[in-house]
Every structure is written in C-alpha cells, then in structure tokens.
Amino acid sequence: MTIRGKAHIAGAYEHPERKIPDKSVPQVHAEVALGALADAGLSLRDVDAYFCAGDAPGFGPVSMADYLGLDRLRYVDSTETGGSSYLSHVGHAAAAIAAGKCRVALITLAGLPRSQGPSRASRSALAPEAGFEQPFGPTTVSMYALAARRHMYEYGTTSAQLAAVKVAASQHAQHNPEAMLRTPVTVAEVLASPMISDPLHRLDCCVISDGGGALVVVAPEVARELPRPTVKVLGHGESPKLAGGRVDLTYTGAVWSAPRAFDEAGVRPGDIDYASIYDSFTITVLQAIEDLGFCEKGKGGAFVAEGSLLAPHGRLPFNTDGGGLCNNHPVNRGGMTKVIEAVRQLRGEARAPVQVPDCQIALAHGNGGSLGTRSAAATLILGREDA
Amino acid sequence: MTDGPESLPAPAPPVTKEFWAATAQGQLLLKRCLDCDSVIWYPRVICPHCSSLRTEWFAASGRGRIYSYTVNHRGEGAYQDCAPFVLAYVELEEGPRIMTNITGAEGDALAVGLPVEVVFSDTGAGSALPRFRPAPG
C-alpha cells in the first residue's frame with residue numbers, strides 16, 4: 001500500500017506577522033488553525049485528527065486539543081523531529097487517512113522566539129550525548145559551520161557559492177510584502193556580512209521570527225466537496241541520520257528520505273517543477289539539493305552558482321516566498337512554511353513574479369536537529385489535483 | 001583566539017563516571033565492544049553497532065586529526081564572552097570523531113587534517129575537558 005493520492009492538502013495558512021509581542025503561543029496556534037481551516041472551507045468541528053510537534057505547549061497534543069476544543073479527535077500524533085516535523089506530519093496524516101483512521105487532519109506550528117528569546121529545551125540537557133558535546137560550546141550556527149567547512153574540504157565548495165543560495169532567496173523575497181528581509185542582496189554583500197562562525201556569515205543564516213502556520217490534510221472524498229483547489233499528496237519519505245560516533249558532515253538524511261518519496265510518488269527529480277527546501281543556513285540547502293538528487297554529490301556549489309534556484313525560470317526554482325533566509329522561520333522550525341509555499345505554487349497562488357508557470361509537481365523537504373550531529377529528514381512530493 | 005571561558009562547564013548528567021574520572025587523571029578513555037570489536041563513541045552501555053552489552057574501557061592514544069573546525073565568533077552560555085574560540089571534530093586514531101575544542105592554534109595554523117594531540121582542561125569539578133592542540137613535529 002502507498003499513500004499516493006490517498007490524501008489532499010486542502011488548507012494552508014502562514015501567520016502574517018513576524019513579531020508578535022502581545023499574544024501567547026496557544027493563541028497563535030489557534031489563529032493559524034482557524035486560518036488553515038478557513039482556507040480549506042472547513043471548521044474546527046470537522047477535525048478528527050490533530051498533529052503537533054515540540055513547539056506546542058503542554059502535554060503532547062492534548063493541551064492544544066483541549067485549548068482549541070477539538071472534541072471529535074480519533075487520531076493524534078506529536079512526532080517531534082525539529083524543523084522537519086511538519087513534513088512528517090503530512091506523511092503520517094496521509095497514511096492515517098489511507099488506513100481509514102481519520103478524514104480531516106489539522107497540523108499546527110506556532111511560537112514566539114523573536115519576542116520571548118530562545119527557549120532551550122530542557123530535554124536536550126538530558127540527552128545521552130549531552131555531556132560529551134555541550135561542554136565544548138556548540139551553537140546552532142557553529143554546527144552548520146562545521147558541515148560547511150567539511151563540504152568545502154571534500155568538494156571545493158566556496159563561500160561565494162553558498163552566498164548564491166541567499167542571493168536567490170532575496171530575489172524572491174522582494175516580491176513578498178510579509179517577508180522580514182525584502183531587499184535583494186549580492187554575493188559580495190553576503191561575503192561582507194559579519195562572520196558568525198566561519199565559514200558562515202550572518203547572511204548565510206536564516207531569520208528568527210515569531211509566527212506559525214497550519215495545514216489541513218483531508219481524505220479524497222472530503223476534498224471533492226470543498227470549494228478551493230486542493231493539492232494531492234503523492235509521496236513521503238523520512239529518515240533520521242545518526243552520528244554513530246563517526247559523524248559524516250557531508251551529507252544529510254535526504255539520501256534516504258528522497259528516494260522513498262520519489263518512489264512512492266512515481267516521479268523523478270527531473271519531474272519537479274518547484275522545490276521548497278529547508279534553508280536554516282545556506283549550506284543546508286546546498287547539501288539537500290545534492291542529496292535529493294537534483295545534481296551530482298559535491299556539485300551543489302556549481303549548481304546554485306549558475307542561478308538554478310531563481311524563479312520562475314531557473315532549473316530548480318526554490319523557496320519563492322523568500323524562505324527561512326529572508327521571509328519567515330517561525331519557532332526556528334522551517335518545515336511548515338516549506339509545505340505552505342509548495343501548496344501556493346501548485347494552486348497557482350504564489351506571488352506573480354515568482355509563480356512557476358504550469359506548476360504540476362512540487363517537492364517540499366526539511367531537516368530537523370542539526371546537520372552537525374544527528375538530524376532527521378523528511379521529503380514530500382505534492383501534485384496538483386489532477387496529478 | 002581564546003581557549004574558551006575561564007570557568008569551564010562541567011559535563012552535565014547523565015555523566016559517565018569512569019570517563020570523567022579518567023580525564024582528571026589526564027587519560028582519554030574509549031569503549032570497545034567485546035563482541036564485535038567496534039570502538040564506541042560516545043560512551044554508553046550498549047554497543048550501537050551490534051547491540052552487545054559487553055563493553056570495556058581502554059585508553060586512547062590521544063592523537064588524531066582535525067575532521068572539521070570552525071572559529072566561532074558568537075559563543076553562547078558559558079562561552080558567551082570568550083569568542084572567538086575553535087569548535088571542532090577530531091578524528092581519533094582509534095576511529096571516533098569527537099566534538100572538542102582546538103587550543104593554541106591561530107587562523108592559518110588551523111586546517112582540516114591537521115595532526116593534533118589531547119590536552120585536558122580542568123573544570124574544577126573533578127573532571128577535565130579533553131581538548132586538542134596541534135601535535136609537535
């Protein structure tokens with residue numbers, strides 16, 4: 001059994017705000033939930049499955065379900081794999097729908113790290129590896145810097161090539177009035193920005209934003225009754241990548257998640273019209289492009305430097321909302337917005353200058369955890385209703 | 001470049017007592033699986049390569065090479081005020097790639113592949129952090 005065509009994304013909503021000092025986290029979860037359900041033409045009363053990750057405050061999915069008044073649930077899932085959680089949720093929701101466990105699944109993400117500062121998850125201090133890593137002062141940026149350095153060493157990747165990822169994102173963000181950073185930047189400007197953890201500069205890093213997003217995944221018979229175009233879930237793959245005591249910083253879990261998703265969808269990388277690729281840092285995108293199969297391993301630098309990522313006419317138009325690098329990175333978890341922009345592209349609702357003409361098949365990919373240690377990857381292949 | 005904060009963070013629980021007690025004596029211990037002979041990192045009771053619960057400690061040579069490194073200009077927590085400092089993975093002669101700091105090496109002296117040797121930085125809490133410096137010769 002596969003999930004191909006067994007579920008549709010019927011609603012997608014990105015919170016319009018990027019700094020929300022006067023609201024609570026549950027309140028923003030509620031706002032995005034209602035936004036996505038309105039987009040789908042459904043209400044909270046229709047929801048029979050709820051999915052959330054570690055950003056949801058309280059006791060797994062139960063506190064938020066109680067807050068929202070989701071009293072008809074027959075399926076819950078609180079898979080927590082950091083930024084990739086929400087891509088996994090879509091795959092899990094599709095599988096649950098295909099198995100007849102539920103018909104209308106709501107997925108929410110919300111948080112306020114920009115207003116409230118970083119929240120250090122207390123659970124990570126109890127991780128079995130913590131004593132052997134935390135005392136040496138690793139930070140999020142420095143872990144990705146280690147990955148970038150090793151990729152440069154093995155494949156000759158350059159800082160200018162990494163900068164090309166940010167340049168493309170900024171070109172797209174100028175058309176998004178909600179984006180945090182709307183001014184296009186050049187490679188030279190990226191390289192001239194302050195060094196945070198070498199070789200990564202400030203402009204190699206994503207933004208930190210408040211906000212959130214939500215998705216509604218429904219059974220095909222529900223989708224048929226809805227007023228708006230829906231997006232078909234064609235394939236899903238996910239995989240953790242372990243450190244194993246011999247961490248290899250040059251590749252990601254996409255080497256496993258992507259083939260599973262492509263196989264299930266019955267398509268190949270060359271069939272992808274648009275790609276949402278998690279961009280916590282420029283190196284995150286570059287490694288993912290290689291591991292997803294869009295170019296040969298080690299050639300990601302050359303691929304991005306030749307303008308491949310630029311919408312609407314590049315070889316692989318990516319992150320047309322400006323992505324985490326320029327638009328929005330709610331709760332430091334980029335997977336949700338990746339799915340939302342892919343849905344916009346497939347509905348023909350992306351910003352006009354970056355809408356990919358006749359966009360039929362899209363990929364959304366995310367990773368969670370840290371490319372510098374252990375991480376999780378999740379890949380979705382989505383298609384138009386008639387795909 | 002700095003050698004990190006003056007007061008070093010001690011490893012937080014769950015600690016592996018034998019490992020950290022040895023660091024205070026200037027020794028870097030590793031675990032080996034008695035069934036499949038794999039060298040295990042980070043130390044734990046189960047062999048992640050073959051599921052065996054039969055493991056033993058042994059002393060590492062303390063030598064290795066830089067697998068990757070970064071000069072971090074934005075420390076956090078205990079490292080907030082001591083940037084820039086070097087975070088690295090060192091590949092030990094015995095195989096594991098371990099997270100650590102490089103001390104006593106400035107800019108151009110740092111390189112992937114550089115031979116390094118272990119040094120121990122006292123945490124003041126009965127343990128020492130195994131860090132690495134360029135190996136002589």
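Conventions adopted
Residues numbered from 1 in each chain as written. Chains lettered and ligands numbered in written order. Predicted model: local features only at pLDDT ≥ 70, side-chain atom pairs only at ≥ 80, totals over all residues. Domains from an automatic or database assignment. Helix = DSSP H or I, 4+ residues; strand = E, 2+ residues; numbered from the N terminus. pLDDT = per-residue confidence, 0-100. Buried ≥ 20, exposed ≤ 12 C-beta atoms within 10 Å, placed from the backbone. Contact = placed C-beta atoms within 7 Å. Nonpolar A, V, L, I, M, F, W, Y, C, P; charged D, E, K, R; others polar. Pairing = 2+ DSSP bridges. Axes fitted to C-alpha atoms, helices over the stretch in contact; angles between N-to-C directions. Parallel < 35°, antiparallel > 145°, perpendicular 65-115°, else oblique. Core = buried A, V, L, I, M, F, W, Y, C linked by C-beta atoms within 7 Å. Expected span 1.5 Å × (residues − 1).

Draft legend 1. Representation of the domain arrangement of chain A in the model. Residues and elements named next belong to chain A. Under the domain assignment used here, chain A contains domain 1 (8–117 + 210–234) and domain 2 (137–208 + 235–384). In this structure, domain 1 and domain 2 have C-alpha centres spaced 23 Å apart. Counting residues per element, the ones that place at least two in the side of domain 1 that touches domain 2 are β1 (8–14), α3 (85–98), β4 (104–111), α4 (113–116), β7 (211–218) and β8 (231–241). Counting residues per element, the side of domain 1 that touches domain 2 draws most heavily on α3, at seven residues.

Draft legend 2. Layout of the confidence of the model for chain B. Per-residue confidence for chain B averages 93 on the pLDDT scale, and 96% of its residues sit at or above 70. As a predicted assembly, this complex carries a pTM of 0.96 together with an ipTM value of 0.95.

Draft legend 3. Quick look at the environment of Val285 of chain A. Residue and element names in this part refer to chain A. The topology assignment puts Val285 in helix α11 (residues 282–291). Accessibility expressed as a C-beta count within 10 Å gives 29 for Val285, which makes it buried. Measuring from C-alpha to C-alpha, the distance between Val285 and Phe318 comes to 9.7 Å, with 33 residues separating the pair along the chain. Excluding anything up to four places from it in sequence, Val285 contacts Val165, Ile277 and Asp279.

Draft legend 4. Representation of the interface of chain B and chain A in the model. Across the boundary between the two partners, chain B contributes 37 residues, which contact 29 residues of chain A. Broken down by element, the residue count for the side of chain B that touches chain A peaks at six residues, all from strand β4 (residues 63–72) of chain B. When its residues are assigned to classes, the side of chain B that touches chain A shows 23 nonpolar, ten polar and four charged.

Draft legend 5. View of the sheet that holds strand β1 (residues 29–33) of chain B. Residues and elements named next belong to chain B. Spatially, β2-β1-β3 is the arrangement adopted by the three strands of the open sheet, whose pairing is antiparallel. Only two strands of the sheet have a single partner each, and these edge strands are β2 (39–40) and β3 (55–59). Bridge analysis of β1 against β2 gives two bridges, and the strand direction is antiparallel. Bridge assignment links Lys31 to a residue of β2, and that residue is Ile40.

Draft legend 6. Representation of the packing of helix α7 (residues 159–173) of chain A against α11 of chain A. All names here are of chain A. For the pair α7 and α11, the least separation of the axes is 9 Å and the interaxial angle reads 100°. Relative to α11, α7 is oriented roughly perpendicular. Where α7 approaches α11, its residues Leu162, Ala163, Val165 and Lys166 are matched on the opposing element by Thr282, Ile283, Val285 and Leu286. A breakdown of the residues in the contact of α7 with α11 according to their chemical character gives six nonpolar, one polar and one charged.

Draft legend 7. The nonpolar core, seen in detail. All names here are of chain A. With 164 residues, the main nonpolar core has Val90, Val217 and Val339 as its most contacted residues. When residues are assigned to domains, this core turns out to be shared by domain 1 (8–117 + 210–234) and domain 2 (137–208 + 235–384), each giving three or more. Residues in contact with Val217, not counting those within four places in the same chain, are Ala7, Ile9, Val90, Ala93, Ala94, Ile97, Ala105 and Ile107.

Draft legend 8. Quick look at helix α14 (residues 335–347) of chain A. All names here are of chain A. End to end, α14 covers 19 Å across 13 residues, agreeing with the expected 18 Å (1.5 Å per residue, within 8%). Among the 13 residues in α14, twelve count as buried, and that is most of the element. If you check which residues of α14 are buried, you get Gly335, Met336, Thr337, Lys338, Val339, Ile340, Glu341, Ala342, Val343, Arg344, Gln345 and Leu346. Trailing α14 by a residue or two, Gly348 shows a phi angle of about 75°, which is positive.

Draft legend 9. Fine view of the sheet that holds β8 of chain A. Residue and element names in this part refer to chain A. With respect to topology, nine strands assemble into an open sheet ordered β3-β2-β4-β7-β1-β8-β11-β10-β9, the strand pairing being mixed. Where the open sheet ends on each side, the last strands, each with one partner, are β3 (75–77) and β9 (274–277). In this sheet, adjacent strand axes meet at a mean angle of 20° when their direction is disregarded. The sheet contact formed by β4 and β7 spans eight bridges and is antiparallel. Directly across from Gly111, in β7, lies its bridge partner Gly211. Lying over the sheet, helix α1 (residues 25–40) contacts β1, β4 and β7, oriented at roughly 40° with respect to β7. Contacts from α14 reach β1, β4, β7, β8, β9, β10 (361–369) and β11 (375–384), with the element oriented near 175° to β10.

Draft legend 10. Representation of the pairing of strand β5 (residues 85–92) of chain B in the model. All names here are of chain B. Among the eight residues in β5, seven count as buried, and that is most of the element. Where β4 lies against β5, eight bridges are found, and the strand directions are antiparallel. Within β5, the residue paired with Gly64 across the bridge is Leu92. Of the pairings in the sheet, the one linking β5 to strand β6 (residues 97–102) comprises six bridges and is antiparallel in character. If you follow Val90 over to β6, its bridge partner there is Ile98. Hairpin connection of β5 to β6: four residues between the antiparallel strands, including Gly95 at a positive phi of 120°.

Draft legend 11. A look at unusual backbone geometry. Look at the link from Asp198 of chain A to Pro199 of chain A: it is a cis peptide, with omega at 15°. Following the sequence through the fold, Pro199 of chain A ends up in the loop between β5 (195–197) and β6 (200–201). For the bond from Ala83 of chain B to Pro84 of chain B, the omega torsion is 0°, close enough to zero to count as cis. On the secondary structure map, Pro84 of chain B appears in the loop between β4 and β5. With a phi angle near 60°, Asn332 of chain A is a residue other than glycine that sits in the positive phi range. Along the polypeptide, Asn332 of chain A turns up in the loop between α13 (323–326) and α14. Classification of Asn332 of chain A as buried rests on a count of 20 C-beta atoms within 10 Å. One non-glycine residue, Ser51 of chain B, lies in the positive phi region at around 75°.

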